[in-house]
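Fold and contact review
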Amino acid sequence: MPKVSDDRLAARRREILDGARHCFAEYGYDGATVNRLEEATGLSRGAIFHHFKDKEALFLALAREDAERMADVAAEEGLVQVMRDMLARPRDFDWLGTRLEIVRKIRTDPAFAFAWEGHSAELEAVTLARLERKREDGSLRKDVPTEVLVTYLDIVLDGLITRLATGQATDDLTAVLDLVEDSVRTAKPAG
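An account of the accompanying structure is given in this report. This one's a predicted model, so the numbers in the text were calculated from it and none came from an experiment. (Residues numbered from 1 in each chain as written. Predicted model: local features only at pLDDT ≥ 70, side-chain atom pairs only at ≥ 80, totals over all residues. Heavy atoms only, no water.)

Bringing the environment of Lys53 into the picture now. With respect to the helices, strands and loops of the structure, Lys53 is situated in the loop between α3 (45–51) and α4 (55–77). Under the relative-accessibility criterion, Lys53 is labelled exposed at 73%. (Helix = DSSP H or I, 4+ residues; strand = E, 2+ residues; numbered from the N terminus. Buried < 20%, exposed > 50% of the residue type's maximum accessible area, 1.4 Å probe, protein only.)

Now for the pattern of salt bridges. For the coordinates displayed, the defined rule picks out 18 salt bridges. Salt-bridge contacts for Arg21 lead to Glu65; the nearest nitrogen and oxygen are separated by 2.6 Å. With Arg21 in helix α1 (residues 6–31) and Glu65 in helix α4, the pair connects residues that are 44 residues apart, well separated along the chain. In this structure, Arg45 engages Glu38 in a salt bridge whose closest nitrogen and oxygen atoms are separated by 3.4 Å. On the accessibility criterion, Arg45 (41% relative accessible area) is partly exposed. Several salt bridges converge on common partners, so that one network encompasses Arg14, Asp18, Arg21 and Glu65. (Salt bridge = Lys/Arg side-chain N within 4 Å of Asp/Glu carboxyl O.)

The next subject is the packing of aromatic side chains. A complete count under the given rule lists 4 aromatic pairs for this structure. Pairing Tyr29 with Phe59 gives two aromatic rings, centres 5.1 Å apart and planes at 75°, and the pair type is edge-to-face. Here the residue Tyr29 occupies a position in helix α1, and Phe59 occupies one in helix α4, the gap between them amounting to 30 residues. An identical accessibility class is assigned to Tyr29 and Phe59; each is buried. Taken together, a centroid distance of 5.7 Å and an interplanar angle of 40° make the contact between Phe59 and Phe112 tilted. One end of the pair, Phe59, is in helix α4; the other, Phe112, is in helix α7 (residues 110–136), and 53 residues separate them in sequence. Members of the aromatic cluster, each reached through a chain of ring pairs, are Phe24, Tyr29, Phe59 and Phe112. Directly above the aromatic system of Tyr27 lies the positively charged group of Arg36, at a separation of 3.9 Å from the ring centroid. Sitting over the ring of Tyr29, Lys105 keeps its end group 4.0 Å from the ring centre. (Phe/Tyr/Trp six-rings, centres within 6.5 Å; stacked < 30°, edge-to-face > 60°. Lys NZ or Arg CZ within 6 Å of the ring centre and 35° of its normal.)

Along the chain, Arg135 falls in helix α7. The side chain of Arg135 is buried and forms no salt bridge, while Glu132, the nearest opposite charge, is found at 4.9 Å. Excluding residues within four positions of it along the chain, Arg135 makes contact with Leu140, Arg141, Lys142, Val144, Pro145, Thr146 and Leu149. (Lys, Arg positive; Asp, Glu negative; His and termini not counted. Contact = heavy atoms within 4.5 Å.)

A word on helix α5 (residues 79–88). Of all 10 residues in α5, 8 are buried, a share of seventy percent or more. Those residues of α5 that sit buried are Leu79, Val80, Val82, Met83, Arg84, Asp85, Met86 and Leu87.

Structurally, the position occupied by Pro145 is in the loop between α7 and α8 (146–165). For Pro145, a relative accessible area of 46% puts it in the partly exposed group. For the pair Pro145 and Glu132, spaced 13 residues apart in sequence, the C-alpha to C-alpha distance is 9.9 Å.

Our next topic: the nonpolar core. Membership of the largest hydrophobic core comes to 27 residues, with the highest contact counts inside it found for Met70, Leu79, Met83, Met86, Leu153 and Leu157. Of all the secondary structure elements, the ones that give two or more residues to this core are α4, α5, α7, α8 and α9 (173–184). Broken down by element, this core gets its largest block of residues, 8 residues, from α8. In this structure, Leu17, Ala32, Leu60 and Trp116 belong to the second largest nonpolar core, which totals 22 residues. (Core = buried A, V, L, I, M, F, W, Y, C linked by side-chain atoms within 4.5 Å.)

Written as structure tokens, this is what we have:
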């Protein structure tokens, strides 16, 4: 039997993750049945679960990947830029519905909550580090602890995700993000 190359295995894993992301975003965790995952990926359950132990492992892999992508942008450009990107290109963030499922699973599944804790801590750590750098260069306000600013930005992010994932109007959200950004920056001298 011929050996499958590492590149082909990686490509197959990518196909599974991409198809599953759409499936979880459309149907939610519970509604993403194995049959629907097969349809979304175009692969058999055997092929899917050759790469992932079970549906939860597949879902957690997607959640990790999305958290890492957000952490990369947050580290380079800031969490507000992550939110601006979501607003400008919502189709690039079809995992928004998946994020709501993550929140639900955190509330209802202690094992999942434990597994997810490390990944959310990564995003918080890079956001905290970026804010500390901004504080040192004088562009971030110093009258509020950095940890409080991280929590504030995380709450705004959750609200934005909920609004986008539920299809609510987004007309005024650019102005809202401007306000959020201004609220964490050092006040400019008048005049």
